[in-house]
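# Per-entry structural report
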Amino acid sequence: QVQLVESGGGLVQAGASLRLSCAASGRTGSRYTMAWFRQPPGKEREFVIAISWSGGHTYYADSVKGRFTISRDNAKNTVNLQMNSLKPEDTAVYYCAARTNSIISDTPNEYDYWGQGTQVTVSS
């Protein structure tokens, strides 16, 4: 089992930056693919960004390309999401997810572990 805990959410104005963190604990010895998903109000959960275990491969949703960056520190079992130039449409609950498969996926049900989520609200 792996436990994931997100932090760093909050209320910001459009154009601002925010950094989310995800701390993993438990069976962190496996090589997990990590990702961030988000669920806007009244909508389904959607893929945001993912990173391979080595950090050498990343995959972004078109909506965040050029604005969001993902990074990981395997020694500290953390994954970070740097969000720049935030827009009101980025408002959502952001979830950290882990996948035991080494192949990056943008499909929520292909991830094995989830955090509880952290709220990000961007005002116009």
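The notes below deal with the structure included here. (Residues numbered from 1 in each chain as written. Predicted model: local features only at pLDDT ≥ 70, side-chain atom pairs only at ≥ 80, totals over all residues. Heavy atoms only, no water.)

Time to look at the overall build of the chain. From N to C terminus, the chain includes zero helices and eleven strands. Going from N to C terminus, the chain has its helices and strands arranged as β-β-β-β-β-β-β-β-β-β-β. Relative to the globule expectation of 14 Å for 124 residues, the C-alpha radius of gyration of the chain, 13 Å, shows essentially globular dimensions. Looking at the chain as a whole, 40% of its 124 residues are labelled buried. Pairs at least 24 residues apart make up 58% of the contacts formed inside the chain by residues separated by at least 6 positions. Approximately 6,300 Å² of the chain is accessible, and the part contributed by carbon and sulfur atoms is 46%. Charged side chains in the chain number 12 positive and 10 negative. The centres of these two groups are separated by 6 Å. (Helix = DSSP H or I, 4+ residues; strand = E, 2+ residues; numbered from the N terminus. Rg over C-alpha atoms; globule rule 2.2 N^0.38 Å. Buried < 20%, exposed > 50% of the residue type's maximum accessible area, 1.4 Å probe, protein only. Contact = heavy atoms within 4.5 Å. Areas by Shrake-Rupley, 256 points an atom, 1.4 Å probe, with all protein chains shown as cover. Lys, Arg positive; Asp, Glu negative; His and termini not counted. Charge placed at Lys NZ, Arg CZ, Asp CG, Glu CD.)

Following the criterion strictly, the structure yields seven aromatic pairs and no others. Each ring, one from phenylalanine 37 and one from phenylalanine 47, has its centre 5.6 Å from the other, and the planes form 75 degrees; the classification is edge-to-face. Of this pair, phenylalanine 37 sits in strand 4 (residues 33–39) while phenylalanine 47 sits in strand 5 (residues 46–51), placing them ten residues apart in sequence. For the pair formed by phenylalanine 37 and phenylalanine 47, the shared burial category is buried. Relative to tryptophan 114, the ring of tyrosine 95 lies with its centre 6.4 Å away and its plane at 80 degrees, an arrangement referred to as edge-to-face. Of this pair, tyrosine 95 sits in strand 9 (residues 92–99) while tryptophan 114 sits in strand 10 (residues 113–114), and the two are 19 residues apart along the sequence. Tryptophan 114 gets classed as partly exposed once you look at its relative accessible area, which sits at 27%. An aromatic cluster of three or more residues is present, and its members are Phe37, Phe47, Tyr59, Tyr95, Tyr111 and Trp114. (Phe/Tyr/Trp six-rings, centres within 6.5 Å; stacked < 30°, edge-to-face > 60°.)

Attention now moves to the sheet that holds strand 7 (residues 68–73). With antiparallel pairing, the four strands of this open sheet are ordered in space as 1-3-8-7. Both outer strands of the open sheet, strand 1 (2–7) and strand 7, are each paired with one neighbouring strand and no more. On average, each strand axis in the sheet is inclined to that of its neighbour by 15 degrees, with strand direction left out of account. (Pairing = 2+ DSSP bridges. Axes fitted to C-alpha atoms, helices over the stretch in contact; angles between N-to-C directions.)

This next bit is on the state of the cysteines. All chains considered together, the criterion is met by one disulfide. Between cysteine 22 and cysteine 96 runs a disulfide, and the two sulfur atoms are separated by 2.1 Å. In this structure the cystine formed by cysteine 22 and cysteine 96 twists about its S-S bond by roughly -80 degrees; its chirality is therefore left-handed. Linking cysteine 22 in strand 3 (residues 18–26) with cysteine 96 in strand 9, this pair joins segments that are 74 residues apart in sequence. (Disulfide = S-S within 2.5 Å.)

This part takes up the pairing of strand 5. Taken across its six residues, strand 5 has five buried, putting it largely inside the fold. Pairing geometry for strand 4 and strand 5, over five bridges, is antiparallel. Directly across from phenylalanine 37, in strand 5, lies its bridge partner phenylalanine 47. A loop of six residues connects strand 4 with strand 5, the two strands running antiparallel in sequence, and glycine 42 in this loop sits at a positive phi of about 75 degrees. The pairing of strand 5 with strand 6 (residues 58–60) spans three bridges and is classified as antiparallel. Looking across to strand 6, one finds that isoleucine 49 is bridged to tyrosine 60. Hairpin connection from strand 5 to strand 6: six residues lie between these consecutive antiparallel strands, with glycine 55 at a positive phi of about 85 degrees.

The next point concerns the nonpolar core. In this structure, Leu4, Met34, Trp36, Phe68, Leu81, Met83 and Tyr94 are the most contacted members of the largest nonpolar core, which totals 33 residues. Elements represented by at least two residues in this core include exactly strand 1, strand 3, strand 4, strand 5, strand 7, strand 8 (78–83), strand 9 and strand 11 (118–123). (Core = buried A, V, L, I, M, F, W, Y, C linked by side-chain atoms within 4.5 Å.)

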